[in-house]
Amino acid sequence: MTNFTTIKGFAFDMDGVLADTAKFHTVAWHQIADEVGTTWTPELEESLKGIDRMGSLALIMDAGGVADKYDQTARENLATKKHTHYRELISTLTPDDILPGMQKFLTELKAAGYQMSVASASKNAPFIIERLGLTDYFKAVVDPASVTAGKPDPAIFAAAADVLGLQPSEVIGIEDSAAGIQSINGAGETSVGIGDKDVLKAANINFGSTADVTLAAIEAAW
C-alpha cells in the first residue's frame, strides 16, 4: 500500500458495491441453471460474483457436468436469454436502490476532488448507473469488452486507472468479490473489500457493509 495522501482516484465495482444488482443476476442465472440441469447452490452463486457472462455460464455448466452438451451457438443463445431477463429486471432500478452509504460516499469523494470510474464486468453498467442517477459522479465506465480478460485478471482495474489519467498506485479499488479483489491487487492498486472478511481476505482494507465506507474510515484503516 502506498501513502494515503498519494491517492487521487477511486475505481468502483458496481454489483454489490453501488447497488444490489447481484440479486437480479441470481434470479436470471438460477433460471439458466435450472434449464441446463445444474443444481443451484450458495457456493455456485458466490463463484459467479465478478465473473463475466460467458465465464459465468461456463461455471454453471461445469458445476452440472453438462459442458459437453452445449456448443458455442447454444451457449450464446443461453447467455442472450439470461441477458434479456436480467435487462428486464434492472429496468426497474431507481436511486432508491443505491446501497446504504454509497451516494453519501460518492458525494464526499466528489467534494474532495477525487476522480472516479466504474470497473464492472457488466456490459449493462452505463445503463444501471443512469438508472441509479449516478452518472455525474463518474468520469468513465470501463467497457469490459475493451479489455483483454475479465476479473480476476487485472486488466479492467488497470483500465479504470488509465481512463482517469492516473497511475495504479494513485487509485483505490472497491469490490465485494474475491475475483475483484484479486483484479485490484494485480493491477497494483489498493483494494477495499466490502463483505465477508474471510472471503475477501486478500483485500488491503475490509468493511462489513457499504454503510461503513467513508474517507475517514479508509484513512483510519490504512
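Look above for the structure.
Residues numbered from 1 in each chain as written. Predicted model: local features only at pLDDT ≥ 70, side-chain atom pairs only at ≥ 80, totals over all residues. Heavy atoms only, no water.

### Description of the sheet that holds strand 4 (residues 171–175)
So the rule is basically this: Only strands joined by at least two bridges in the DSSP assignment are considered to pair. Secondary structure elements follow DSSP: runs of H or I no shorter than four residues count as helices, runs of E no shorter than two count as strands, and numbering proceeds from the N terminus. Only heavy atoms matter for contacts: two residues are in contact if any of them lie within 4.5 Å across the pair. Axis definition: a line fitted to C-alpha atoms, limited for helices to the stretch in contact. Angles are taken between N-to-C directions and run from 0 to 180 degrees.
With parallel pairing, 6 strands are arranged side by side in an open sheet as 3-2-1-4-5-6. The open sheet is flanked by strand 3 (140–141) and strand 6 (205–207), the only strands paired with a single partner. Across 4 bridges, the pairing between strand 4 and strand 5 (residues 190–194) is parallel. Of the residues in strand 5, the one forming a bridge with E175 is G193. Strands strand 1 (9–12), strand 2 (115–118) and strand 4 of the sheet are contacted by helix 7 (residues 155–162), whose axis makes an angle of about 135° with strand 4.

### Describing the packing of helix 7 against helix 8 (residues 178–187)
To keep it simple, the criterion reads: Orientation categories follow fixed angle ranges, with anything under 35 degrees roughly parallel, anything over 145 roughly antiparallel, 65 to 115 roughly perpendicular, and all other angles oblique. Crossing handedness: left-handed means the near helix sits turned counterclockwise from the far one by under a right angle, and right-handed means the same turn made clockwise. Classification used: nonpolar for Ala, Val, Leu, Ile, Met, Phe, Trp, Tyr, Cys and Pro, charged for Asp, Glu, Lys and Arg, polar for all others including Gly.
For the pair helix 7 and helix 8, interaxial distance at closest approach is 7 Å and the crossing angle is 55°. Relative to helix 8, the element helix 7 is oriented oblique. When the axes of helix 7 and helix 8 are compared, the crossing they make is right-handed. Along its contact with helix 7, which presents I156, F157 and A158, the element helix 8 presents G180, S183, I184 and A187. Of the residues contributing to the contact of helix 7 with helix 8, the split by class is 5 nonpolar, 2 polar and no charged.

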